[in-house]
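Below, each chain spelled out in residue letters.
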Amino acid sequence: MCLPVKFTDLKKLYYTLVIASLFFLCVKAQENTANSYIPENFEALKTYIENTNRTHINRIEGKYSSKIKKAFKNQDEKMIDAINDSTYFFHPTIKSNLDAVLQNIYDANPEIDSKDFYFFIKNNVIPNAACYGDGRYEINLGLFTSCKTDDEVAFIICHEIAHLVLEHSLKSVTKRYEDLNSKETRKKVSKIKRQKYGRTKAGRLLVDELYIDMLDHSKHSETQADSLGYVLFSKTTYQKNAAVTSLKRLSNEDDIYFDYDVKLDSVFDFKEYPFKSFWLEEETSLFDTDEEIDEFRLSSDTIRTHPEIQSRIDKLKKEFNIKSNDASAHTKDHLDPIKTITVPQSIQYTIDLKILDLSIYLLIQQFSEGLMTPEDYYGTMANVLKQIYEARKNHKLGKYVFQQNSFSDEKTLNDIRRFIHNLELSEIKKIGQAFCNAHSSKITNNEDFKEAFQFFKDLN
Amino acid sequence: MKKTITLLLILALVGFANAQEKTINEISSFKPRNSGTLMDKNNDVDGYYFFYEVDKLKKGDREFAIRILDNNLNDLATKSYVDNKNTVLVQSKFNNQALIFAMTNYKEKFYKLITFDRQANQVENIKIPVSKKEMRWLNAMKQTGNFNFLFPVDNKGFLFNYIRDNNKLGYGLKYVPTDGGASWDYNSPDDSKSILTLNPIEANDEVVVALEGSKKSLLSQTINYKVIVIDIKTGKFLFEKNFDRKGDPRLITNAFLTPDKNLVMLGEYFAAGDNIMKDKSEGLFAETVDLTGNVISDSKISWVDKIDPIMPANIDGKKKKRGYIYFHDIVRTQKGTYYAIGERYRKTASAGGIAAMALSGGRAGTSVTQLTITNAAVFEFDSKFELKDIKVFEKGKSRAPSLTDFGSPQLNAHALKTFGAFDYEFTQMDTKRDRFYAAFIDYERLKGAKDKFAFKAIMYNDGTFSEDKIYLEEDKGKIEYRVMPGKLGNVMLLEYNRKEKTVQLHLEKLNIQ
C-alpha cells in the first residue's frame, strides 16, 4: 500500500471525492485511448514507475523490511491502473511550465537528486499535493486554482520534496509496522484476548491509541516538511513570504471547500419555466439532531491528520522570521498558462467522471468569478444538464451524485445534490430546454451547446 | 461499520500482511447480527437499521450497537444497547415522533419494545412475557409477509401485535403511545374455541381497524374474517363487521379511513357458503361504514356482468378467458378513485411434473399442474366504486408448480403467494403527490438477445399510467442488480460487480413519463 504524504488536511470531503472517483473512474477508462488522460509516452512512463518502485523496495532495510516491501510491492501496478482509469491529466503546457518552476528549485538546491522525480497532475479539485517517497509526486488540479503565484506553487513543491528528503513515507509505514508489532502492543493484544468481558471495547481503545499515535507522527512530519521545505524554498529566487500565503490559500473554515453561494434559484429560473421552491425541499429526518450521534466514537475520529494551518504558519514565521514583502514582486509567468488549462480541466474531469453536482458548482463559481467565457459556460452547463437527464433516465444518477446529507458541512454542494435528486425526469427535460432557449442568443459557435439544445428540442 | 473502517484504515495503510493486524481487527470489530428497513404503511422507506453485537458482558449480557441510517443511506446514529445475549432485533418502525424496535428473547421468553425519541434518546422499555410456542407462531405468521407485527400510528404511537397461547391460539394487541396518551391492551378471549389471529390494517387518531381471522383448527381450510374497530384512546371495542362463510363471505384486501372519518373496506366477495380460500370470488366490493358501524354504501362489481365485458383483449387480439386474478393491493387516490393491482394467472398442466410423474410410475411427489402467471392488471374504480377501466400491462409468463393438484387455483395462489411465486413486489403510495408505484419482477424473453430479469414499475400520476424498467443484469451478467424499496418514488439498487467483487448501494428515482 502506497502512503503518499498529503499536504493539507482534507478529511471527510477528500475521502468523499476519492470514493466518488474510485466509483466513476472506470466509466471513462475505455473511452480515453488518445487524450490528455493517457500520456503519449505511456510505455516509457510505465517503465519509469516500475523502476522507481523496484529501486525504492530494494532500498528498504531493517527489522520489518520483508513486510514493508510487501506493502509497497504492487504500487507500480496500482499507479498504472490509476492512469488507465483517468486519475491523472497529462498536458504539455502544464508540463513545460511546471518544469520551469521545478528547474528554479533544482538549480537553487543542487544537492537534491531529482533525476527520478516525476510530478503527476491529479484530476481533483481539492487543493492538495502528495509525495510517494520514491520520486513520484502528485499535484491536484485544485492546487493550481487556489495558488495565486508561481512562488506559492514553488513552496508547496519544496514542502513535498522535503517529505522525500526526510523519507517520511517509508518512516511512516515502518513506524506503523513497529507500533503494531511492538512488544508492548503484543502484550496488550494478548491481554485483551484473554479478557472474558468487554474485549471489543478494549480492542477499540487500543486501536484508538495506535491511531492517535499515528496522527501525532503525521502532524510532526508535516511540521518537519514545512521547515525543510522552507529551507529549500528560501534558496530559490521566489519571494519568501509565499510560504505563508500558500499555506493561507489552503486554510479553510471547518473543512468546507465549496462555500461559494451558487444561487440555484436564480441560475435555473426561467421566464418560460420558473424555479420551483420544492426542488430544494428538505426531507424530514428520523432524528431531529444537528449532528450524527455515535456512542462508539473514538477520540481519534475527531483528530485531524495535519496540524492546523494557522499553527503551521505561526511556527514557520517564528522559526525563519518571515516578513511580509511586496506582493508585486511575485511572478505568475508559469502559473497563468497552467491555469488556462487546469481551470477548464477541473470542470471537464467532473463531467467525464459524472460527478455532476461538482460540475454545476464549479461552472457557476468559475463563471461568476470571470474564469470562463459565456460561450464556454452556457455550452458546458447545457451539456451537464443533458448528462443529468441521461443518467436519471438510465437509473445511474444516484451512483454518480451522492444523496443529500443533513449533517453535511458542505451546504452548497448539499443544496445542489438535493436539487438534482429532487428533480423528476420531465422537469430536467424542461429545465434543459428552458436553459438553452434563454441563452441561445449568446452562443455563436459552441458544439456542446448545439448538441444539448437539439437533444432537449427532440425530447420536448 | 464506520468504526471498523477506522481500524481498517490503519491496517490498510500498512497492508494486511500479518496475523497481528488480523488479531487486532478481530478483537475490535462489531459482529453484524441482522439488518432491516424502516417502512411505513405506504411502503415508504424512512430509513435502515443494522444490529451488531459489540461485546460480551457479565451475567450473560451483551453490548449491542444499533446503527440507524436515514432514507438517503446517511449515518444518523449508532446507539449502544445492553441486553441479554439471546436478544434478537426483529423489526423497527417510525411514526414521526419516535422510533420503535421490537426485540425478542427466545431463551428468556419475552418481547421487548424499545423506543427512541426524535433526539435519539431511549425513552421506553416495555417487556412482554411470552411462551416459546407463542414465539414460534409469531415467526410463522411473520413469514407469510402479510402480518403487521409492529404498526406505526402517525404522530400518536405504535401497535404491537403478537400471538397468545390461550385455550387455543389467540392474539394480543398492545398500544404504545408516543404522544402522552394512555397505553392499552386488546386481547382475544382466553376461552375462545377458535384459533384467532389479528392484523391491524389501518389506524388514525380515533380508531384502529384490524382484521380478525378465525378457524376451528390448524388444519381447517375454512377461515372466517371480520373487521374489528377499536377506540385508539382507550382500547375499547367499538364495533365489528362480520363476513363469515355462511352469510356474506368476503376477503378484505385493504381498508382506509377517509378524511370524513368513514371506514372503506375493499376486497373480493363470494357467494354465501363459499370458502374464500378455495372458491372463486363473485367479484370485487367496496363497503363504507361510519365509525359506529352503520353501512353508508356497499358497492359490488361482478366478474361476469361488469368486469368481463371490458376486460381488454390480449396482445394477439384474442379475448381469452379471464382466468383468475390475484389482487395484491387496492389503493385509493386523493381524488377518491380506487385502483386494484393484480396479476392474471391460470392453472395449466406442468410438462416437467407430468414427465416426472410418468418416469416414477406415478409415485413422484411432483405436481402435474402449475399456476401460470401472466400480465399485470390494474382495475380503476370511481369514488362510488363503479368500474371505469381495466388496464393490462404486458409481462412475461412465469410458472409456479401447484402445491397440490387437488386444491383450487385460488387456494394454490394464496399458498404460493407466501412463497413469493407471483412477480409482484410491493406498492408504494405517495399520498402527497397522489401517486402510486406498483413494482414487479419480470422475466423478459428478448428476441435476438439473452432473456433477462427486469424490475418493472407501473406508476400512476395525475390520472395517467406510465412504466419504468430496470434490467437486473448488465454487461453480459458481469453486473447484477437487486432492487429493494427506497424512499418515496425511489428504489434502492444493490449493484454487484462479479468481476471486481464489489457491492454498491444507490438510490434511483423511478421515471414517470
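About the criteria used
- Residues numbered from 1 in each chain as written.
- Chains lettered and ligands numbered in written order.
- Predicted model: local features only at pLDDT ≥ 70, side-chain atom pairs only at ≥ 80, totals over all residues.
- Heavy atoms only, no water.
- Salt bridge = Lys/Arg side-chain N within 4 Å of Asp/Glu carboxyl O.
- Helix = DSSP H or I, 4+ residues; strand = E, 2+ residues; numbered from the N terminus.
- Buried < 20%, exposed > 50% of the residue type's maximum accessible area, 1.4 Å probe, protein only.
- Pairing = 2+ DSSP bridges.
- Contact = heavy atoms within 4.5 Å.
- Polar contact = N/O pair within 3.5 Å; in protein donor to acceptor, adjacent residues only side chain to side chain.
- Arc of directions from axis to C-beta.

### A word on the pattern of salt bridges
Residue and element names in this part refer to chain B. One pass over the structure, following the stated rule, counts 51 salt bridges over all chains. Across the pair Arg250 and Asp298 runs a salt bridge whose closest N-O atoms are separated by 2.7 Å. Taken as a pair, Arg250 in strand 17 (residues 250-257) and Asp298 in strand 20 (residues 295-302) lie far apart in primary sequence, 48 residues in all. By relative accessible area, Arg250 is classed as buried at 1%. The closest approach of N and O atoms between Lys395 and Asp423, which form a salt bridge, is 2.7 Å. Placement of Lys395 in the loop between strand 24 (387-393) and strand 25 (398-401) and of Asp423 in the loop between helix 6 (409-418) and strand 26 (424-430) is noted, with a sequence separation of 28 residues between them. Judged by its relative accessible area of 9%, Asp423 is buried. Taken together, the shared-partner salt bridges in this structure form one network comprising Lys241, Asp248, Arg250, Glu287 and Asp298.

### Remarks on the pairing of strand 6 (residues 98-105) of chain B
Residues and elements named next belong to chain B. When you tally the buried positions in strand 6, you get eight out of eight residues, the bulk of the element. Residue alternation in strand 6 divides its side chains into two sets, Ala98, Ile100, Ala102 and Thr104 and Leu99, Phe101, Met103 and Asn105, and both sets are buried. In terms of strand pairing, strand 5 (residues 87-94) meets strand 6 through seven bridges, oriented antiparallel. Its bridge partner lying in strand 6, Gln91 is registered against Ala102. From the end of strand 5 to the start of strand 6, which pair antiparallel, there are three residues, and Asn96 there has a positive phi angle of about 80 degrees. Turn length for the strand 6-strand 7 (residues 110-117) hairpin, with the two strands adjacent in sequence and antiparallel, is four residues, and the turn residue Lys109 shows positive phi of about 60 degrees.

### Thoughts on helix 11 (residues 242-250) of chain A
Residues and elements named next belong to chain A. Along helix 11, seven of the nine residues are buried, which leaves the element largely enclosed by surrounding structure. Taken as a whole, helix 11 has its buried residues at Ala242, Ala243, Val244, Thr245, Ser246, Leu247 and Leu250. Along its buried surface, helix 11 packs onto helix 6 (141-146), helix 7 (150-165), helix 10 (199-234) and helix 13 (309-320).

### Things to note about the environment of Asp382(B)
Residue and element names in this part refer to chain B. Structurally, Asp382 is set in the loop between strand 23 (369-381) and strand 24. On the accessibility criterion, Asp382 (19% relative accessible area) is buried. In the structure, Asp382 is positioned 44 residues away from Tyr338 in sequence and 6.3 Å away in space, judged by C-alpha atoms. Filtering out sequence-adjacent residues up to four positions away, Asp382 remains in contact with Gly336, Thr337, Tyr338 and Lys388. At a separation of 2.9 Å, a polar atom in the side chain of Asp382 contacts the main-chain amide nitrogen of Lys384.

### Digging into helix 4 (residues 75-84) of chain A
All names here are of chain A. Along helix 4, the residues that are buried comprise Gln75, Asp76, Met79, Ile80, Ala82 and Ile83. Buried positions in helix 4, seen along its axis, are confined to an arc of 155 degrees and lie on one side of it. Among the structural elements, helix 2 (42-59), helix 3 (65-73), strand 2 (88-89), strand 3 (118-122) and strand 5 (136-140) are those in contact with the buried residues of helix 4. At the exit of helix 4 stands Ser86, carrying a positive phi of roughly 65 degrees.

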